[in-house]
Amino acid sequence: MSDVYIVDAVRTPVGRYRGSLAGVRADHLGAHVLNGLVERNGLAAAAIDDVIFGCVTQVGEQSANIARTALLGAGWPEQVPGLTIDRKCGSGEVAVHVAAGLIAAGSASLVVAGGAENMSRVRMGGNRDVHGEAFGWLAESRYELTSQGEAAERLVDKWQLTRAQLDEFAVRSHQRAAKAAAQGFFKNEIIAVPVRDLQEKDWAEESPELLTADETIRAASNVEKLAALKTSFREDGRLTAGNSSQISDGAAVLLLASKQACELHNLKPRARLVSFTTVGSDPTLMLTGPIASTRKVLQQAGLSVDDIDLFEVNEAFAPVPLVWQQELGVSSDKLNVNGGAIALGHPLGASGARIMTSMLNELERRGGRYGLQAICCAGGMGTATLIERL
């Protein structure tokens with residue numbers, strides 16, 4: 001199997017729920033980052049062999065294979081195919097895995113992978129409404145299928161975390177993201193969105209003409225404010241909107257290439273995909289998958305935790321990275337160093353690609369070698385990817 005390289009990675013700013021991007025369809029956001037990616041790399045869209053998107057709520061305007069509708073909307077040649085996948089919160093990351101597999105197998109040379117999701121416009125879980133609340137899964141007779149929020153509360157129970165620990169972690173996420181944004185760390189990865197040009201006409205005219213930065217970061221967040229919030233999943237629980245990921249809108253894509261494609265198109269790779277995996281985990285506890293996926297991806301690469309310069313564990317809920325950190329023994333100065341989904345949002349299908357984009361840029365800024373990301377997925381799964389900066 002041949003090596004697979006990351007040539008470039010870009011994303012939209014992340015829009016807060018019913019914020020500046022609420023008037024822009026996810027396929028339009030996807031089209032925008034697709035064109036931004038090829039333009040800044042001097043590529044013709046016709047050179048791309050495939051486009052693979054993650055998208056979780058594939059209903060309404062996010063249905064009909066959003067990868068294909070986005071690339072056609074971008075004006076790309078009809079010969080370029082598209083594929084949309086759903087691995088829940090890991091969808092954007094697994095889109096990269098699928099693309100890498102195609103390139104490593106010799107079936108493609110240049111593939112764009114990422115994802116798009118507009119949670120303001122297409123409600124999370126809206127695709128389930130088509131079938132009603134009574135799903136009748138056979139799995140229900142074998143497992144207690146609970147909500148992710150309840151699963152997060154059970155993590156808190158099992159690992160004996162406190163509400164204060166969760167809130168402190170959430171505040172740190174906002175503080176780190178705010179500092180990174182103020183110092184311009186996200187500028188190289190963000191492609192500004194011309195909101196007025198892309199938005200649907202029925203949305204408010206007060207939206208900005210151009211969105212250039214994430215609007216989810218709350219620099220003034222503090223533990224006193226978070227402590228006053230009501231719990232979200234249990235009356236006597238510890239999880240709140242403040243220490244959970246934000247419902248949000250956005251898109252992100254990466255350009256993946258073989259060595260031959262880099263030479264042919266005069267592209268300079270920024271990183272190499274070292275190893276990647278998805279594992280299954282307890283479908284009731286649900287959110288522990290990143291622990292096993294991290295261990296597996298390190299084993300595949302023949303590396304240890306100590307070899308990794310940066311870790312990104314998706315902040316679906318504060319206990320997810322906190323439990324992962326306890327189990328793996330990783331210090332806080334290597335984990336989510338520029339904040340995570342609590343501060344930067346979690347546009348479901350795009351998050352895996354957004355995280356990889358940010359991790360790549362931070363590796364370059366620090367001069368680090370290895371970066372590893374892991375994401376928990378609904379239904380009890382965990383994804384992981386290990387990249388090497390070049």
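Each residue is numbered by its place in its chain's sequence as written, counting from 1. Per-residue local features of the predicted model are confined to residues with pLDDT of at least 70, and side-chain atom pairs are confined, for both listing and counting, to 80 or more; whole-chain, interface and lining totals are unaffected and use all residues. Calculated side-chain values reflect all of the structure's heavy atoms, with hydrogen atoms and water omitted.

**Digging into the packing of helix α9 (residues 289-301) against helix α10 (residues 319-328)**
Alright, step 1. To define axes, lines are fitted to C-alpha atoms, for helices over the stretch in contact only, and angles between the resulting N-to-C directions are given on a 0 to 180 degree scale. Each helix is a run of H or I in the DSSP string that is no shorter than four residues. Each strand is a run of E no shorter than two, and both are numbered from the N terminus. Two elements in contact, α9 and α10, have axes whose closest approach is 9 Å; the angle formed by their N-to-C orientations is 45°. It follows that α9 is oblique to α10 by the angle criterion. In terms of crossing hand, the pair formed by α9 and α10 is right-handed. Residue-level contacts link P290, I291, T294 and R295 of α9 to V320, V323, W324, E327 and L328 of α10.
Alright, step 2. Residues belonging to the contact of α9 with α10 are distributed by class as follows: six nonpolar, one polar and two charged. Oblique is the label for any angle not covered by the other classes, which are roughly parallel (under 35 degrees), roughly antiparallel (over 145) and roughly perpendicular (65 to 115). For any helix crossing, the convention is left-handed if the near helix is rotated counterclockwise from the far helix by under a right angle, and right-handed if that rotation is clockwise. In what follows, residue pairs with any heavy atoms lying within 4.5 Å of each other are defined as contacts. Residues are sorted three ways: Asp, Glu, Lys and Arg are charged, Ala, Val, Leu, Ile, Met, Phe, Trp, Tyr, Cys and Pro are nonpolar, and all the rest, Gly among them, are polar.

**Brief notes about the packing of aromatic side chains**
We describe a pair of aromatic rings using the distance from one ring centre to the other and the angle between the two ring planes.
Alright, step 1. Stacked, edge-to-face and tilted are the three classes for Phe, Tyr and Trp ring pairs, Trp counted by its six-membered ring, which pair at centre distances within 6.5 Å; planes under 30 degrees apart are stacked, over 60 edge-to-face, the rest tilted. Inspection of the entire model under this criterion finds two aromatic pairs.
Alright, step 2. Arranged with centres 5.9 Å apart and planes meeting at 80°, the rings of F233 and F317 form a pair that is edge-to-face. Taken together, the residues F233 in the loop between α7 (223-227) and β6 (248-257) and F317 in the loop between β8 (310-313) and α10 connect sequence positions 84 residues apart.
Alright, step 3. For a Lys NZ or an Arg CZ to count as sitting over a ring, it must be within 6 Å of the ring centre and within 35 degrees of the ring normal. The aromatic ring of F186 is capped on one face by R11, whose charged end is 5.3 Å from the ring centroid.
Alright, step 4. Residue placement shows R365 over the ring face of F185; its charged tip is 3.7 Å from the ring centre.

**Details of the layout of surface pockets**
Over the atoms rolls a probe the size of a water molecule, and its path tells where empty space is left.
Alright, step 1. Within this scheme a cavity is a closed region of a 1 Å grid, computed over the protein atoms alone, that accommodates a 1.4 Å probe without allowing it to escape, whereas a pocket is open but has protein on both sides within 12 Å along at least five of seven lines; lining residues each have an atom within 4 Å of a point. Grid points are joined across faces, edges and corners, and a volume is the space filled by probe spheres set on the points. Empty space within the largest pocket amounts to approximately 1200 Å³.
Alright, step 2. Around the largest pocket, the lining is made up of 39 residues, and of these M124, R128, S147, Q148 and A378 lie nearest the centre.
Alright, step 3. Classifying every residue of the lining of the largest pocket gives 18 nonpolar, 14 polar and seven charged.

**Focus on helix α2 (residues 66-73)**
Alright, step 1. Partly exposed describes any residue whose relative accessible area lies between the buried limit of under 20% and the exposed limit of over 50%, with all areas from a 1.4 Å probe on protein chains only and scaled to the type maximum. For α2, the complete set of buried residues consists of I66, A67, A70 and L71. Down the axis of α2, the smallest arc covering the buried residues is 130°, so these residues share one side.
Alright, step 2. Each element contacted by the buried residues of α2 is listed here: α1 (26-40), β3 (50-54), β4 (82-85) and β5 (110-118).
Alright, step 3. Phi turns positive one or two residues past the end of α2, at G75, with a value near 85°. Arc definition: directions from the helix axis to the C-beta atoms.

**Topic: the environment of I190**
Alright, step 1. Within the secondary structure layout, I190 lies in the loop between α5 (163-182) and α6 (195-198).
Alright, step 2. For I190, a relative accessible area of 15% gives the class buried.
Alright, step 3. Setting aside its immediate chain neighbours within four residues, I190 contacts R11, P13, T212, A213 and D214.

**Some points on the packing of helix α4 (residues 148-158) against α10**
Alright, step 1. Between α4 and α10, whose axes approach to 10 Å, the crossing angle comes to 35°. The hand of the α4/α10 crossing is left-handed. Every residue of α10 that contacts α4 at A152, L155 and V156 is listed here: P319, V320 and V323.
Alright, step 2. Broken down by class, the residue content of the contact of α4 with α10 amounts to six nonpolar, no polar and no charged.

**A few points about the state of the cysteines**
Alright, step 1. Any two cysteine sulfur atoms lying within 2.5 Å of each other are counted as a disulfide. Applying the stated criterion to the full structure yields zero disulfides.
Alright, step 2. Left without a disulfide partner, C89 is nearest to the cysteine sulfur of C376, which lies 5.8 Å away.
Alright, step 3. For C89, a relative accessible area of 6% puts it in the buried group.
Alright, step 4. Residue C377 stays outside any disulfide, its sulfur separated by 6.3 Å from that of C89, the closest cysteine.

**Some words on empty space enclosed by the protein**
Alright, step 1. Under the counting rule described, the total for this entry stands at three cavities of 30 Å³ or more.
Alright, step 2. Taken as a whole, the largest cavity holds about 60 Å³ of empty space.
Alright, step 3. Together, F185, F186, E189, E312, V337, N338, G339, R354, S358, M359, N361 and E362 line the largest cavity.
Alright, step 4. Residues of the lining of the largest cavity, tallied by class, amount to four nonpolar, four polar and four charged.
Alright, step 5. Looking at the second largest cavity, its volume works out to about 40 Å³.
Alright, step 6. Looking at side-chain class alone, the lining of the second largest cavity contains two nonpolar, three polar and three charged residues.

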